[in-house]
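Each chain, written out:
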Amino acid sequence: MSTLNSIDANLLLSSVKSQQKQPSSSLGKDDFLKILITQLQNQDPLNPMEDREFISQMANFSSLEQMTNLNSTMSNFVQQQKQQSMFQYSEMIGKEVTYRDDNGIENLGVVQSVRYNGTEVLLQLENGIDITTSTVFKISESKTK
């Protein structure tokens, strides 16, 4: 039977080379876990952290992780919804639209194609102009059929 006399220095947090990180205004789950581990390493052995404090901190960590996962999932969902709206707007191809330009002037154009630029759906008119769907206020059958 062998006894453990010392802890391998490679296993200590102090031996881990810190990576250059850009400063952030918010703490992430990794930051929270590092703080918790540091707190556990530096606590007074004669007066250790009480169980309820530890459980509370672990619950906070778990909540933080779940909120991060939920945020990521919602971001993906919103992105998919925006892309799917492109298919809904495809019904406007060949239709005449009335829209307001940046100066508030009403214009007419026939939708030639619909595309998604990563953030919003754009309608490309036959004259080559791209307009956002939010500027359209009237849709009708094209008179040039």
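Criteria and thresholds
Residues numbered from 1 in each chain as written. Predicted model: local features only at pLDDT ≥ 70, side-chain atom pairs only at ≥ 80, totals over all residues. Heavy atoms only, no water. Helix = DSSP H or I, 4+ residues; strand = E, 2+ residues; numbered from the N terminus. Buried < 20%, exposed > 50% of the residue type's maximum accessible area, 1.4 Å probe, protein only. Contact = heavy atoms within 4.5 Å. Core = buried A, V, L, I, M, F, W, Y, C linked by side-chain atoms within 4.5 Å. pLDDT = per-residue confidence, 0-100. Phe/Tyr/Trp six-rings, centres within 6.5 Å; stacked < 30°, edge-to-face > 60°. Lys NZ or Arg CZ within 6 Å of the ring centre and 35° of its normal. Pairing = 2+ DSSP bridges. Axes fitted to C-alpha atoms, helices over the stretch in contact; angles between N-to-C directions.

Engineer: Hey, could you run me through the overall build of the protein chain in this one?
Structural biologist: Looking only at helices and strands, one finds two helices and five strands in the protein chain. Its helices and strands in sequence order give the protein chain the pattern α-α-β-β-β-β-β, from N to C terminus. Per-residue burial for the protein chain yields a buried fraction of 16% across its 145 residues. Restricting to contacts in the protein chain with at least 6 residues of sequence separation, those with at least 24 account for 46%.

Engineer: Quick question: what am I supposed to make of the nonpolar core here?
Structural biologist: Proteins that are soluble and globular tend to have nonpolar side chains buried together. Counting eleven residues, the largest nonpolar core consists of Met92, Val97, Tyr99, Val111, Val114, Tyr116, Val121, Leu123, Leu125, Ile131 and Val136. For this core, the secondary structure elements donating two or more residues are strand 1 (95–100), strand 2 (106–116) and strand 3 (121–125). Beyond its immediate stretch of four places on either side in the chain, valine 111 contacts Met92, Ile93, Gly94, Lys95, Val97, Leu123, Gln124 and Leu125.

Engineer: How do you make sense of the confidence of the model for the protein chain when you look at a structure like this?
Structural biologist: Caution applies to low-pLDDT parts of the model: their predicted coordinates are not meant to be read in detail. With 76% of its residues at a pLDDT of 70 or more, the protein chain shows a mean pLDDT of 80. Helix 1 (residues 29–41) is the least confidently modelled element of the protein chain, averaging 76 in pLDDT, while strand 1 averages 95, the highest of any element.

Engineer: Teacher, can you tell me more about the packing of aromatic side chains here?
Structural biologist: For any two aromatic rings, the description comes down to two numbers: the centre-to-centre distance and the angle of the planes. By the definition in use, this model includes zero aromatic pairs. Directly above the aromatic system of phenylalanine 137 lies the positively charged group of arginine 100, at a separation of 4.3 Å from the ring centroid.

Engineer: It is not clear to me how the sheet that holds strand 4 (residues 130–132) should be interpreted in this structure. Could you clarify?
Structural biologist: Each strand in a sheet pairs with its neighbour through backbone hydrogen bonds, running either in the same direction (parallel) or in the opposite one (antiparallel). The strand order across the open sheet formed by five strands is 4-3-2-1-5, and the pairing between neighbours is antiparallel. In this open sheet, the two strands that pair with only one neighbour each are strand 4 and strand 5 (136–141). Across this sheet, the average inter-strand angle for adjacent strands is 45°, counted without regard to direction. By the bridge criterion, five bridges tie strand 2 to strand 3 in an arrangement that is antiparallel. By the bridge assignment for strand 3, valine 114 is matched with leucine 123.

Engineer: Would you mind going over the pairing of strand 2 with me for this structure?
Structural biologist: Here strand 1 pairs with strand 2 via five bridges, running antiparallel. In the strand pairing of strand 2, valine 97 is matched with glycine 109. Remark: five residues form the turn of the hairpin made by strand 1 and strand 2, two consecutive strands paired antiparallel; glycine 104 in that turn has positive phi of roughly 85°. Between the antiparallel neighbours strand 2 and strand 3 lie four residues, among them glycine 118 with a positive phi of about 105°.

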